[in-house]
Amino acid sequence: MKARYFLTLLSITALFTYASCNKDEKENPHSYSLLNKSLSEIRNEIAGTWKLQYDSSNGFGGPMKNIPVNGEYRYYSFLPGDTVKLNINGNILVYDKAVVTKEYSYSYPFDVYIYRFGAGAFAWVMDQKRNDTLVIEAGFLSGGGERYYLTRYP
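Keep in mind the model is a prediction, meaning the values are calculated, not measured.

Our next topic: the side chain of threonine 133. You can see threonine 133 is positioned in strand S10 (residues 133–138). According to the relative accessible area criterion, threonine 133 is buried, its value standing at 16%. Only 3.4 Å separates the side chain of threonine 133 from the side chain of aspartate 132, close enough to count as a polar contact. Excluding its chain neighbours within four sequence positions, the residues that come into contact with threonine 133 are Gln128, Tyr149, Leu150 and Thr151.

Printed below as a string of structure tokens:
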């Protein structure tokens, strides 16, 4: 009798495990890559002002999440004509026209659009949109793997 209960319990557990592992993952229509988009589509997606929520980079112990503290704020504006404006704590750090080229990057196995501005000090790839968050990869030229996570600012 005990063996019968044990086998029933085992079968139910196996059935639930199989059912939970076998779910069809539905793709989130609000999260998508910008890497395979045309330049005009990327421009439309990033146009406007964005506020930095946090950035992440690779440290010795793995990925590190850096959240602005003590009232620090950063705004990233993508204006017409590929103009990029960086505002950090009310100071305009960069207000420059980006040179946008499509070329090979070591971070990706295909050509991507790279925004270079600030006299070459900045090189960014518009990576993806995750719901209301824009993800920008920076530091890919130096192997830094730095990413910025921004939300649209009204």
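Picking up where we left off.
Glancing now at the packing of aromatic side chains. A full pass over the atoms with the stated rule returns 11 aromatic pairs. Each ring, one from phenylalanine 117 and one from tryptophan 124, has its centre 4.9 Å from the other, and the planes form 85°; the classification is edge-to-face. Among the aromatic residues, those joined into a cluster by ring pairs are Tyr76, Phe78, Phe117, Phe122, Trp124 and Tyr148.

About the thresholds
Residues numbered from 1 in each chain as written. Predicted model: local features only at pLDDT ≥ 70, side-chain atom pairs only at ≥ 80, totals over all residues. Heavy atoms only, no water. Helix = DSSP H or I, 4+ residues; strand = E, 2+ residues; numbered from the N terminus. Buried < 20%, exposed > 50% of the residue type's maximum accessible area, 1.4 Å probe, protein only. Polar contact = N/O pair within 3.5 Å; in protein donor to acceptor, adjacent residues only side chain to side chain. Contact = heavy atoms within 4.5 Å. Phe/Tyr/Trp six-rings, centres within 6.5 Å; stacked < 30°, edge-to-face > 60°.

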